[in-house]
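Here is what each chain is made of, one letter per residue.
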Amino acid sequence: MSTFKNLLMISALLFGSLVHAQSNFKSKSIGVGVVVADMQRSLDFYVKGIGMVKTGNFTINAEFGKRGGLTGGEAVEVNILKLENGPEGTDWKLMSFGKKANHPKSKFIQDDTGPQYITIQVKSLKPIIERLKEQNVAFLGSTPTPLTKDSHFVLVQDPDGTFVELIGALE
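Just so it is clear, the structure is predicted and the values come from calculations on it, not from any experiment.

Draft legend 1. Representation of unusual backbone geometry within the structure. Cis rather than trans, the peptide bond between T143 and P144 has omega equal to 5°. You can see P144 is positioned in the loop between α4 (126-134) and β6 (145-148).

Draft legend 2. Seen up close, the pattern of salt bridges. According to the stated counting rule, one finds four salt bridges in the structure shown. The closest approach of N and O atoms between D91 and K82, which form a salt bridge, is 3.4 Å. Overall, the relative accessible area of 24% leaves D91 in the partly exposed class. In this structure, the salt-bridge partner of K126 is E171, at a minimum N-O distance of 3.8 Å. Taken together, the residues span a long stretch of sequence, with K126 in helix α4 and E171 in the segment after β8 (163-169) at a distance of 45 residues. Under the relative-accessibility criterion, E171 is labelled exposed at 64%.

Cut-off values and rules
Residues numbered from 1 in each chain as written. Predicted model: local features only at pLDDT ≥ 70, side-chain atom pairs only at ≥ 80, totals over all residues. Heavy atoms only, no water. Helix = DSSP H or I, 4+ residues; strand = E, 2+ residues; numbered from the N terminus. Salt bridge = Lys/Arg side-chain N within 4 Å of Asp/Glu carboxyl O. Buried < 20%, exposed > 50% of the residue type's maximum accessible area, 1.4 Å probe, protein only.

This is the structure in structure tokens:
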């Protein structure tokens, strides 16, 4: 009986610390900063192709960039995109230093480490597929691929190689 009580007490302490750690977050979403080679090309892909909305922008000045450890003293403009303009959405923050990546573009998600893809759940894939085709975006694999009777999977890459999974009904 004593072993059972000890296990129960340890479990309660572990669960309590997990709940406490989670309660420290002020927001339910994570802002993601993405460095791109060509800002306009990336804005066109995400706004005109995927259908995200630009909700704002700001500049990190050279002094703050260096003092904060973000840049080596370069200023950078940050464009904020969201799936919908509202306080709960994730900030997809695009910034460009006008340079291409120092590594080759991945062909598959296993080709590199670090963040490789994002997943976007949509109501209808059809308008997005049409917009991406107008932009001559290559569709990867055999997409759209059925997942269930009501859901399909489409995979594309943004101009810098980030994989974008789109999941939703075809119509």
